[in-house]
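Close look at the chain arrangement
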Number of protein chains: 2
Amino acid sequence: MDESIGIRERTRGAMRGELADVALRLFEERGYDETPVDDIATAAGISPRTFYRYFGTKEDVLFGDLPPTSVDLPELLTEHLTRLGPWEALHQTLRNVSEQVQTQRDRWSRLLRVVNTSDSLRAGHLEQQMNLAQSLVPVLAPQLGEPAAWSTLRARVLVHTALTCFDTAFSHWAVHESDVEIVDAVDIAFTTFSESASQAP
Amino acid sequence: MDESIGIRERTRGAMRGELADVALRLFEERGYDETPVDDIATAAGISPRTFYRYFGTKEDVLFGDLPPTSVDLPELLTEHLTRLGPWEALHQTLRNVSEQVQTQRDRWSRLLRVVNTSDSLRAGHLEQQMNLAQSLVPVLAPQLGEPAAWSTLRARVLVHTALTCFDTAFSHWAVHESDVEIVDAVDIAFTTFSESASQAP
DNA sequence: GACTAATGTGGCAGAGTCTGCCAGATTCGA
DNA sequence: TCGAATCTGGCAGACTCTGCCACATTAGTC
């Protein structure tokens, strides 16, 4: 049957999901740095060696299957660029992501709480963004064709800034969870520049 | 004598300097991930255990004593804020840093080349920026008093964006070293927004 | 239903980073 | 010069991650 390839992947997906759940729960209880992979494995009823067959890294069990990585951002951005300017296109792209995140509010607020308990995790989170950025820059650069020599530099600045807006909005939301919607925070962050960036003192 | 406290710290500083030199050289030859701490230690004629008494982390031997961390950025920013708007003040603050960096062109271009050979290093570099950002936000936030509830969010966006501009300019410079001055790249990066951010397509 | 091949699993050994502990050497201040 | 603070090295250990090999499970075929 043509599903025969799929069944293995499905059970694999289920395993990943359960591992992610178990891990997140343990991290919430004891903290990330204080929870060795061995404990996650035994709590999930597998060997540590097997854990590393599902997630190449301890961090991956947290960041593995979540929106920013599970969405094809370059494609999304390309589409928005047909209708919008660079900055607005970035804004809309990440707005879409945050809309999708909003359907997983719970998981995300739990995750952000865990991330904020560990320096090493924050770093990993940033590294993810770097990778995202690297995939978006080549999409954006051709749209900034002016001096050409500078277009890559400008593209990188815009992309990184957009991701920064996104990220900042997120951690803000994580703290003031009850007061704000994620999407609103993202909008505020993105409009920071047009409003207050170059005001006089 | 009142120097008696100082002499120890001076020899300690010398040791740190030498370790940093040795390490950077080895990293250039073999790559960061391929150079264990043991090798750095033996190359410097000390034991691995002692290495960790000078630098708490393998990363610290690279990032330990360099401009961004060795300058009091909050103070610098505070001063610029008395004369300039938020964005311009950030621009000038980081411009000052890049001027200071320019006096160590060599060391920096070597370092950036090393950093770009390792993913884990990039992450560490970003984490440093996060810490910098966290020290600047409280300085900037009071200057954005409007809705108050959003001022912290906006301050964070501005600060992170500024650091992103700085960082992006740097890696750009690292690649096109011969064509550009660091300070110029920083200026270009910072003016990206006022020029091309919200243009139509 | 049985057989072969692919795939999943577990244990072991090892590299690498980093920490705590203790003993010995070095240096400092009186 | 002597006692005290400090520096150093070695040892053992925790933790993350990898390669290797043997064993079990499962899939597709006849």
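Before any of the text, the structure's been laid out above.
Quick look at the structure, then. The shown structure was predicted, so the numbers you read here are calculated from the model rather than taken from an experiment.

Definitions and cut-offs
Residues numbered from 1 in each chain as written. Chains lettered and ligands numbered in written order. Predicted model: local features only at pLDDT ≥ 70, side-chain atom pairs only at ≥ 80, totals over all residues. Heavy atoms only, no water. Salt bridge = Lys/Arg side-chain N within 4 Å of Asp/Glu carboxyl O. Helix = DSSP H or I, 4+ residues; strand = E, 2+ residues; numbered from the N terminus. Buried < 20%, exposed > 50% of the residue type's maximum accessible area, 1.4 Å probe, protein only. Contact = heavy atoms within 4.5 Å. Phe/Tyr/Trp six-rings, centres within 6.5 Å; stacked < 30°, edge-to-face > 60°. Lys NZ or Arg CZ within 6 Å of the ring centre and 35° of its normal. Buried area = accessible area lost by both parts, 1.4 Å probe. Polar contact = N/O pair within 3.5 Å; in protein donor to acceptor, adjacent residues only side chain to side chain. Nonpolar A, V, L, I, M, F, W, Y, C, P; charged D, E, K, R; others polar. Least-squares fit on C-alpha atoms with pLDDT ≥ 70 in both.

1. Things to note about the pattern of salt bridges
Counted under the stated rule, the structure contains 15 salt bridges over all chains. A salt bridge links Arg122(A) to Asp119(A); the shortest N-O distance between them is 3.1 Å. Residue Arg122(A) and its partner Asp119(A) are both found in helix α9 (residues 119–140); the two are separated by three residues, about one turn of the helix. Owing to a relative accessible area of 22%, Arg122(A) belongs among the partly exposed residues under this scheme. One salt bridge connects Glu181(B) with Arg105(B), and the closest N-O pair in it is separated by 2.8 Å. You can see Glu181(B) sitting in the loop between α10 (151–175) and α11 (182–196) and its partner Arg105(B) sitting in helix α8 (residues 105–115), a full 76 residues away along the chain. The class for Glu181(B) is partly exposed, based on a relative accessible area of 32%. Among the ionic contacts, a cluster of salt bridges with common partners joins Arg95(A), Glu99(A) and Asp187(A).

2. A closer look at the side chain of Ser98(A)
Residue placement: Ser98(A) occurs in helix α7 (residues 86–102). In contact with Ser98(A), not counting residues within four places along its chain, are Phe166(A), Phe170(A), Ile182(A), Val183(A) and Val186(A).

3. What about the packing of aromatic side chains?
Residue and element names in this part refer to chain A. Enumeration according to the criterion identifies 14 aromatic pairs over all chains in this entry. Centre to centre, the rings of Phe51 and Tyr52 are 5.4 Å apart; their planes meet at 85 degrees, and the pair counts as edge-to-face. Following the ring pairs from residue to residue traces out a cluster consisting of Trp108, Phe166, Phe170 and Trp173. Here Lys58 stacks its cationic end above the ring of Tyr32, 4.2 Å away from the centre of that ring.

4. Quick word on the interface of chain B and chain A
Each side of the interface is counted separately: chain B has 42 residues, and chain A has 42 residues. Between chain B and chain A lies a buried interface of about 3,700 Å² when both sides are counted; carbon and sulfur atoms form 70% of it. Summed over the three residues of chain B that lose the most area to chain A, namely Trp150(B), Leu153(B) and Arg154(B), the buried surface amounts to 15% of that side. Counting every contact that joins chain B to chain A gives zero salt bridges. Remark: the boundary between chain B and chain A carries three residue pairs in polar contact (both at pLDDT 80 or more). Of all the secondary-structure elements, those providing two or more residues to the side of chain B that touches chain A are α7 (86–102), α9 (119–140), α10 and α11 of chain B. It is α10(B) that contributes the most residues to the side of chain B that touches chain A, 13 residues altogether. For the side of chain B that touches chain A, the per-class residue count stands at 22 nonpolar, twelve polar and eight charged.

5. Focus on the relation of the copies chain B and chain A
You can overlay chain B on chain A at an RMSD of 0.1 Å; the transform is a turn of 180 degrees with a shift of 0.1 Å along its axis. On the angle and the small slide along the axis, the relation comes out as a two-fold axis. Take the interface residues of chain B: 100% of them recur as interface residues in chain A, which is what a same-surface contact looks like.

6. Concerning the environment of Asp187(B)
Residues and elements named next belong to chain B. Within the secondary structure, Asp187 is located in helix α11. Residue Asp187 is classed as buried on the basis of its relative accessible area of 19%. The sequence separation of Asp187 and Arg95 amounts to 92 residues, and the corresponding C-alpha distance is 7.6 Å. Beyond its immediate sequence surroundings of up to four residues, Asp187 is in contact with His91 and Arg95.

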